[in-house]
Structure formats: C-alpha cells, structure tokens
Amino acid sequence: MHLPRLLQERFRESLASLTDRADDYAAMIRPTADPKHGDYQCNCAMPLSKEVGRNPREVAAEIVDKLRIDDICETPQIAGPGFINLTLKTDFISTSLSSLLGDDRCGVDPVKSEKSIVIDFSSPNVAKPMHVGHIRSTVIGDALARCLRFLGHRVVTDNHLGDWGTQFGIIIYGYKHFGDPEVVAANPVQELAKLYRIVNQLIEYRKSKRSIASLEQGVQSAEQAVQEAEEFLEGAEDSKKKAAKKSLASAQRRSQSAITSLNAATEKVNVVESDPVLAERAKLHAEIDQAVLEETAKLHQGDSENLALWEKFLPHCKDEINRVYDRLGVEFDHTLGESFYHSQLQGVVEKLKQAGLAEESDGAICVFMDGFDAPMIVQKQDGAFLYATTDLATLQYRLNEFNPGEILYVVDTRQSEHFEKLFAVADQFGLEHVKLVHVNFGTVLGEDGKPMKTRSGTLIGLESLLDGAVERAKQVVCDPDRLTTFDPPMDEAEQEMIAEAVGIGAIKFADLSHHRTSDYRFNLEKMVALDGNTSAYVQYSYARTQKILENAKKAELDIIQLVEQHGIEMTHPAERNLALMLMKLEESLVTLHKDYAPNQLVDYLLDTARAYSKFNENCHVLRAETPQIQAARLSLVCLSGRILQLGLQLLGIGVVPRM
RNA sequence: GCAUCCGUAGCUCAACUGGAUAGAGCAUCGGUCUUCGGAACCGAGGGUUGGGGGUUCGAAUCCCUCCGGGUGUACCA
C-alpha cells in the first residue's frame, strides 16, 4: 500500500492529454504539511502551466476535471496558486485498514523489480577492541539490510573484516616479546587484547614522543595568535569590535585544541616514563613501530611462523567481535575479510596496468585520474598492497559472485575521497551496470561537540558503552516504585530482558534517528529517557497495545471476525489519523531506500506512536459505545502494535510485552 | 592552499530533494483527567533558517559572495 503511487496512477491518466511528460508531473504528489489542506497534494499544475502557457489554476481545474479518483478521494480542491488538495474518503481508509488485518507484511507490497543488493558494513579490524566508531556502520548497515530485504530485494550482507593488517603485526610482535604461550592458550581472547594494548601503548608512546616538539611549537604560535587578536580587539574601532571578538574567540579555540593535543601526547609519554617497568620496555623496544611493520610484511609474504600465529589467533579475534554482534542482534551472510582477497591483489594490479590505467610513479603503482590531485595508489614502493587494491579485488569478486544491481558501502564520510576514486576506477573497468553507493555517515560526538573520547583521550569501547546504556535503562525502567504496579510482579530475569531491549534499542534508535550524514551528540540520559524522541517511547506504546488486547481477550483472528461482522466505523478524528498513519509504512520504507536514510523510518514510528497515544487518550476501546466502534478500535490497537513492532524490528530493535 | 560537508527555536535534531503559516522532542509556563498502566493528553511562548545578493509563481533547499565551523588532502585503513 503506497498511497502516493496509487494517486499518481490516476493523475497520470488525467495528465496524458495535457503533456507527454505525464509521469514526471504525476510524481509531484506529496503528503500535505497541514491537515487543513487534506491528506495529499499534487503540485503539478504550476510547472505544467508554464509548459503549456496557461493560467495555473485553469490547468489545475482541467486536471481535476479529467481526474477519476472518486473511489479514493473526496472532490479535489484547488487552492493557492494551483495546488490540488486531496482528502481520502473515510470509507476508503476503513476498507484499506481492514485489508491490513491478517497481513503479516502490514500492507507493504513487495517491490515489483527486485534487485540484488550487496551491503558492506561494520567491517571492524579484528584484534582491536571495537569502539564507539563502529556503532554507526553496524547499526545503519543492519537497518538498511533489514529494510531493503523486507521490501523484497535480495540482500547480501558482507562484513569486510580487517583481518590482514598492521594490527596483526602488533599482536604477533606482542606475542613474540611479551606473550606467554600457556597463558594465551588458556584465555586467548583477553590475553591477545592485552598484548595488543601493550604494544599499541609503546607505539603511541613513540609517536607522541616524536610529535611533542612540533605540538609545543603549535601551542606557542596559537598563543601568539591569541595575543595578537587581543591586542587588535583593544585597539579596534567600535565598528570592528564584533568581528575582532569573533576572531579572538576563534583563536582561543584553536589555542585550546592545540593545548589539548599537546597534553594528550605529554600524558601518553608520562604514563610510560613514570612507570619503571614501562620505561624499561620502551627503551628495549625503541624500534617497535618499524618492527611491527616488519612482522606484518612477513605475514603477507607467507612467513610460516607468522602465518601459523595468524591462523591460531584469528578465530579467537572473531569470537571477540561475534560476542558484540550477538548482543546487538546483527548477523551477516558473509564475512569475507581482507585476507580472503590477498591472493587476488597482484592480479588486480596487473589488470590495471594492462588496461593502461595504472603506471609507476615514485616507485609506487598509481592510477591517476582527472579531477583528483592525488592518485589512487594500488601498490607501495615496498611492494605491499593497500586497501584500495583490496577494495578493487573485493568489487570484482562481488560482481562475479552476487551479480548485484547495487553495492552499498556503509562507511564513515571521511573516506569519501577514497570511494570517489574507487568508483571512478570501477567505471573505467566497465562496471556501469551496477550502482555503487558510498552510504556515508557522520561522527559520534561527545557532550563537548568533539569526537567522543574518554576523559583520558582514548576511544570508548563499544561493549562498555552498551553496558552503560543497559544499566541506565534498568535504573529508569525498573524503578522500584514503578515495579510495584505490575501484576504479576516482574522477576529479575524479566527486568534484565527489558533493560537489555530498552538499553540497546536506545543506542540504536538514537543513532538511526539522526540523518546519517550529520554528526550527532551522544547523550545517554536523553537516549534512554522515557519521554522524548526515544525508542523507549515507541516500545512503551507497543506495550500499551498489548495490554489492551490482553484485557480485551482478543487475538487478531477474533478481531478479523468482528470486523467481518460489524465493519469498521470510525467516529473520532484520532482514529482516522491513526488509521492513515498505519497505511504509510511502505511510504516511509520507499523513501528510506531512495536516500538510504533510516531516520525516515524512525520519524514514521515516532509519528505513529504519537498518533497512537492520542487515539489511546481519546478513544476508549473496552468501553466503546457500539460493537462497530469497538471493532474499529480493536483493529487499530492490534495493527498499531504489529506495525510498531515490525518497524522497530526493521531497525534491529526489539520489543517487550510489558515495561 | 585545494577539495568537500555543514551553519535551522535556549538545547538536541527533522523537514519526503523547489511547495502553502519551517516542524518534533527536551527545557520553560499554563491547563485536563475518579489511568482499558499518567512513562498520558491539550495549549502557550520561543525563528530574518549565519549575513548579503540573485534565479521564479514559490527558496532552509539551487547559483554567487562574505563570515564561522568540521573533515580530507601520495604509498594507514
């Protein structure tokens, strides 16, 4: 059920005699912004009037005159410069609503032309703890996969794991120098993580140590700039004071951020140097960054010892990330990591050379392209391949294996340039039949508006983030005062289950509720709040529907019978509004697909939950005046519950029967 | 420097890609109801969509320009 499409068909017929671009004009149907203009509006008369050189209201009148739509809408109204306003007939809404009953797709028609769509998302580096930066790709990618699949597309999800990079050099180095084979064997996941941290800390120490001099210089020049700005402000004429204040504030910000960077580096150095054990280690492993790269290179060249270690460690690293996926309820059809493509990389480079696309420059093999300052480097001076190479190999493999119509890369927006290059190269490879999309997304910011970090400046672990949300959700949802109102009482297990659903849901919902391309501020308190634009509000609305159905002792089959017997009679505006909302799920999903923007569905669910609340407030079900009215209300409650549940499920969020 | 994204209510964010009086939620203030669970509902205030110009029936959206910010910029991913 996609109302704009239905209306569009009618307009196309009516427009056919006026223009040969009837399709384009018929597409100009929108929901109205204000209910007083009806439910939908068609905005085609104004542009069309220009094409045919006539008065827009006249054109609108002619369109309306030819329009056969009285089975769906009241008489269309022409308003303003030539808007055609459409109000659905309440009968039509009732009939449509009853057709949703018993339909497990909730009225969403499967797409007519299904596509095969590959979605590349999450893609963490194994052996490195997952952190806050992995939320967005994982949550957005999973939601897209669920929604597009539900729409009827053949979706292939692939987790392009970073399982072949420097982080393994780090672990291998750590194992060789700090590892105890027995301890690692006994508790591999934790021990490997520990080894990673030890080596990484030393590398960070070295980096920081090297950068301190230039950071100090940065602070100095920033402070000088502040001073200059202050002096300028003092001497400035009144007319320039405002501008001078602004540039002073800007200089102060820069100075602050320079100081922060310097402090972070100094802190990393001090942590190591103030600890005798660490200081000794740092001295012993002075060349550690180089050594780690060498271990990585040896692995890539097939060194038997390192390869054996890699094979031994990889499963444990996967266990580690799979635990997080289990908790998030995320699954993949394929997990083909970088290592899977290793043997194909040389071939890709050769192919690029043969096609005349790649050439040597400064010892590296590069693809130069118009419109880009820097080339795409596919092989380094030292012979190593890069992620551009892997991405090309991956693309090639996916085209052969999955024959997709679309490939979506759910990856941070900071990698835009990489994907522009990748797509440009792919284009020259003759891949124009597949739609390649970089589904980019913004950064998760802390309360201070800067990328989210812990107080000590490190990234926040994903698991501790989830733990925090669940814990907070439990405090809020399982408040002892509230719990006393439940009958039967909630046992500990149920409380845990609710906290998990609400806590994890809160994080996902908050992420998905923002347009993916914008940055957003992470605020746990607001996310798990019971009021506001939160998952808990939607989940709670669902729980209320279930309570009413329970009290009414009616299952969906009973309701279908009641409707067959009594029909659906709507007497209150809140009923009509809710019913109309319930018919719009497909609309939100189609819009979602157009922009790969899950916030479309989030907005829909919030609107629906609010419409339900209003209905719930105004329209008593059990005390309904007549059986007809009650049948209608039971239908609305039942379908509201089903659609809220389905919508949340399509976002990867669960519901609980009571909370 | 170049490229690119952004600037919307006090705060956090939307706005179906050019449509009517720019919407939600927090927060603030006021109101409703003997709860099919009040975690509710109704209402009010709050905006020159960073500034200025342009395009047209119509601009938060497109173009130009200035101001302010983020990000990326040859061998990391």
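Worth saying up front: this structure is predicted, and the values here are computed from it rather than measured.

Rules of the game
- Residues numbered from 1 in each chain as written.
- Chains lettered and ligands numbered in written order.
- Predicted model: local features only at pLDDT ≥ 70, side-chain atom pairs only at ≥ 80, totals over all residues.
- Heavy atoms only, no water.
- Pairing = 2+ DSSP bridges.
- Helix = DSSP H or I, 4+ residues; strand = E, 2+ residues; numbered from the N terminus.
- Axes fitted to C-alpha atoms, helices over the stretch in contact; angles between N-to-C directions.
- Near = heavy atom within 4 Å.
- Polar contact = N/O pair within 3.5 Å; in protein donor to acceptor, adjacent residues only side chain to side chain.
- Nonpolar A, V, L, I, M, F, W, Y, C, P; charged D, E, K, R; others polar.
- Phe/Tyr/Trp six-rings, centres within 6.5 Å; stacked < 30°, edge-to-face > 60°.
- Buried < 20%, exposed > 50% of the residue type's maximum accessible area, 1.4 Å probe, protein only.
- Lys NZ or Arg CZ within 6 Å of the ring centre and 35° of its normal.
- Salt bridge = Lys/Arg side-chain N within 4 Å of Asp/Glu carboxyl O.
- Domains from an automatic or database assignment.
- Core = buried A, V, L, I, M, F, W, Y, C linked by side-chain atoms within 4.5 Å.
- Contact = heavy atoms within 4.5 Å.
- Parallel < 35°, antiparallel > 145°, perpendicular 65-115°, else oblique.
- pLDDT = per-residue confidence, 0-100.
- Patch = residues over 30% accessible without salt bridge, like charges linked within 9 Å, V, L, I, M, F, W, Y side chains within 5 Å.
- Areas by Shrake-Rupley, 256 points an atom, 1.4 Å probe, with all protein chains shown as cover.
- Lys, Arg positive; Asp, Glu negative; His and termini not counted.
- Charge placed at Lys NZ, Arg CZ, Asp CG, Glu CD.

Remarks on the sheet that holds strand β9 (residues 376-379)
And then number 1: One open sheet accounts for three strands, arranged β7-β8-β9; its pairing is antiparallel. The sheet is open, and its two borders are formed by β7 (358-361) and β9, each paired with just one other strand. Between one strand axis and the next, the sheet turns through 45° on average, direction left out of account.
And then number 2: Relative to strand β8 (residues 364-367), β7 runs antiparallel, the two being bridged by four bridges. The residue of β8 that forms the bridge with Ser361 is Ala364.

Considering the environment of Ala374
And then number 1: Topologically, Ala374 is positioned in the loop between β8 and β9.
And then number 2: A C-alpha to C-alpha distance of 52 Å links Ala374 and Tyr540, two positions 166 residues apart in sequence.

Quick word on the protein's contact with RNA strand B
And then number 1: Near RNA strand B there are 68 residues, and of these Lys36, Asn85, Lys380, Arg482 and Asp595 occur at the shortest range.
And then number 2: Backbone atoms, meaning sugar and phosphate, make up 53% of the atoms of RNA strand B lying within 4 Å of the protein.
And then number 3: In this structure, Arg30 approaches RNA strand B through a side-chain N or O atom, which is 2.9 Å from a phosphate oxygen.
And then number 4: One of the side-chain N or O atoms of Asn85 is found 2.2 Å from a base nitrogen in RNA strand B.
And then number 5: Split into classes, the residues belonging to the surface near RNA strand B amount to 24 nonpolar, 19 polar and 25 charged.

Some words on the packing of aromatic side chains
And then number 1: Taken as a whole and judged by the stated rule, the model has 13 aromatic pairs.
And then number 2: Here the aromatic rings of Trp164 and Trp310 are separated by 5.0 Å at their centres, their planes lie at 85°, and the arrangement is edge-to-face. Of this pair, Trp164 sits in the loop between β6 (154-158) and α7 (166-178) while Trp310 sits in helix α13 (residues 304-328), and the two are 146 residues apart along the sequence.
And then number 3: Exposure remark for Trp310: the relative accessible area of 11% places this residue in the buried category.
And then number 4: The interplanar angle of 85° and the centroid separation of 4.9 Å between the aromatic rings of Phe340 and Tyr341 together place this pair among those described as edge-to-face.
And then number 5: You can call Tyr341 buried: its relative accessible area is 0%.
And then number 6: Taken together, the ring pairs connect Phe340, Tyr341, Tyr397 and Phe402 into an aromatic cluster.
And then number 7: The cationic tip of Arg105 hangs over the ring face of Phe150; the distance from NZ or CZ to the ring centre is 4.4 Å.
And then number 8: The ring of Phe178 has Arg281 sitting right over it, with the charged end atom 5.0 Å from the ring centre.

Observations concerning the pattern of salt bridges
And then number 1: Considering all chains together, one arrives at 41 salt bridges under this definition.
And then number 2: Among the ionic pairs, Arg54 bridges to Glu58, the shortest N-O distance being 3.8 Å.
And then number 3: A single network of salt bridges, built from pairs that share partners, joins Arg54, Glu58, Glu62 and Lys66.

Points about helix α24 (residues 585-595)
And then number 1: Looking only at α24, the buried set comprises Leu585, Glu586, Glu587, Ser588, Leu589, Leu592 and His593.
And then number 2: In the stretch just after α24, Tyr596 is the one whose phi turns positive, near 50°.

Some details on the domain arrangement of chain A
And then number 1: Each assigned domain of chain A is listed with its residue range as follows: domain 1 (3-88), domain 2 (116-164 + 312-445), domain 3 (167-301) and domain 4 (463-650).
And then number 2: Placing a centre on the C-alpha atoms of domain 1 and another on those of domain 2 gives a separation of 44 Å.

Some remarks on the nonpolar core
And then number 1: If you look at the biggest cluster of nonpolar residues, it comprises 177 residues, and the most contacted ones within it are Phe11, Leu15, Ile63, Ile119 and Leu601.
And then number 2: Of all the elements, helix α26 (residues 627-650) adds the most residues to this core, at twelve residues.
And then number 3: Leaving out residues up to four positions away in the same chain, Leu601 has contacts with Cys147, Leu585, Ser588, Leu589, Leu592, Gly647, Leu650 and Leu651.
And then number 4: Of all hydrophobic cores here, the second largest spans 34 residues; its members include Leu345, Leu357, Leu392 and Val425.

Examining the packing of α7 against helix α12 (residues 288-300)
And then number 1: Close contact between α7 and α12 brings their axes to 8 Å; oriented N to C, the two are set at 105°. With respect to their mutual orientation, α7 and α12 come out roughly perpendicular. Residues Thr166, Phe168, Gly169, Ile170, Ile172, Tyr173 and Lys176 of α7 lie in contact with α12, whose contacting residues are Ile288, Ala291, Val292, Leu293, Glu295, Thr296, Lys298 and Leu299.
And then number 2: Among the residues forming the contact of α7 with α12, the class breakdown is nine nonpolar, three polar and three charged.

As for the sheet that holds strand β4 (residues 83-86)
And then number 1: Reading across the sheet, the four strands line up as β1-β2-β4-β3 and stay open at both edges, with antiparallel pairing between neighbours. Pairing within the sheet leaves two strands with one partner each, and these edge strands are β1 (29-31) and β3 (77-79). Between one strand axis and the next, the sheet turns by 30° as a mean value, whatever way the strands run.
And then number 2: In terms of strand pairing, β3 meets β4 through three bridges, oriented antiparallel. In the sheet register, Ile78 faces β4, and the bridge partner there is Ile84.

Regarding the confidence of the model for chain A
And then number 1: When pLDDT is averaged along chain A, the result is 90, and 97% of the positions lie at 70 or above.
And then number 2: The complex model carries a pTM of 0.93, and its ipTM stands at 0.95.

Some remarks on a negative patch on the surface
And then number 1: A cluster of acidic residues, Glu228, Glu230, Glu231 and Glu234, forms a negative patch on the protein surface.
And then number 2: Structurally, Glu228 is set in helix α9 (residues 188-235).
And then number 3: For Glu228, a relative accessible area of 47% translates into the label partly exposed.

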